[in-house]
Amino acid sequence: MNKIFMLGAIALAAGGCHQDHHGGGGHSDPWQVTYSNGHPVTAEAESAYILDKENEMVDLINLDRALMGLNVLIHSPAISDVARGHSVHMAMSDFTGSWNLEGDGPADRAILAGLFFNRYSENTSAGLSDPVDVFNNWMLLPAMHDNLHDIWWDRIGCGYEEDAYSTFGSYWTVDFLED
């Protein structure tokens, strides 16, 4: 039986203007920023398959926003690295939700990664691998739905990770940033 678990949180923080740092080129380690215990704060995509799934999710969200008459969000590689780091962390440590085992929420992780913003928030999901299924579930959850349709967001990043040996198998994180 396939386990499905959906969690998310809205985390807001005060900050300055956004700078889209993508982490220095030439890194062979897919984890760009880590905690002292080795858990990832950011992660680069390890395959075209992962990037394709992430891009499909961003396209779904932007299509929905456009159909609702909202601004289309700029897809940020730096925000995706933060989102992907959280998805990898959830899979490797077998937890779900926006707060990691170190006690950091979405805005905390974005600050650790060097992002600047006025507001930062996140949707997470575990147990579903298809972007359409995840998106449709988020539309049914008020906090997730509100995040997807917030008129103030400027940028978006998406992270996806699969781990067949973890409890839920598939882990999604979509992060939203207001400049």
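Remember, predicted model here, so these are calculated numbers, not experimental data.

Cut-offs applied
- As a convention, each chain's residues are numbered from 1 in the sequence order in which they are written.
- Given that the model is predicted, a residue must reach a pLDDT of at least 70 before its local features are reported, and side-chain atom pairs must reach 80 or more before they are shown or counted; all residues, however, enter totals for whole chains, interfaces and linings.
- To get the side-chain values, all heavy atoms of the structure are used, and hydrogens and water are removed first.
- Helix numbers and strand numbers start at the N terminus; a helix is a DSSP run of H or I with at least 4 residues, a strand a run of E with at least 2.
- For every residue, the accessible area (1.4 Å probe, protein chains only) is compared with the maximum for its type, and the residue is labelled buried under 20%, exposed over 50%, or partly exposed between those bounds.
- Every residue pair with non-hydrogen atoms within 4.5 Å of one another is taken to be in contact.
- For the area figures, the Shrake-Rupley method with a 1.4 Å probe applies, and any residue is considered shielded solely by the protein chains shown.
- In this description, a nonpolar core means a group of buried Ala, Val, Leu, Ile, Met, Phe, Trp, Tyr and Cys residues linked to one another through side-chain atoms lying within 4.5 Å.

(A) Summary view of the overall build of the protein chain. Each helix and strand counted, the protein chain has 5 helices and 5 strands in total. Seen in sequence order, the protein chain has helices and strands lined up from the N terminus as β-α-β-α-α-β-α-α-β-β. Across the 179 residues of the protein chain, 51% fall into the buried class. Looking at the protein chain alone, contacts between residues at least 24 apart form 74% of all its contacts between residues at least 6 apart. Split by element, the accessible area of the protein chain, about 8,000 Å² in all, is 57% carbon and sulfur.

(B) Fine view of unusual backbone geometry. Phi is positive for Asp 94, which is not a glycine, with a value near 60°. When you line up the elements, Asp 94 lands in the loop between α2 (77-93) and α3 (106-112). Overall, the relative accessible area of 39% leaves Asp 94 in the partly exposed class.

(C) Highlighting the nonpolar core. Within the largest apolar cluster, 18 residues are counted, with the highest numbers of intra-cluster contacts made by Met 57, Ile 61, Trp 138, Ile 156, Trp 172, Val 174 and Phe 176. Sorting the residues of this core by element identifies α1 (48-67), α4 (131-140), α5 (142-148), β4 (155-162) and β5 (170-178) as the ones contributing at least two each. With 4 residues, α1 is the largest single contributor of residues to this core. The residues contacting Val 174, other than those within four sequence positions of it, are Met 57, Ile 61, Ser 121, Glu 122, Asn 123, Trp 138, Ile 156, Gly 157 and Cys 158. In this structure, Val 82, Ala 107, Tyr 120 and Leu 177 belong to the second largest nonpolar core, which totals 9 residues.

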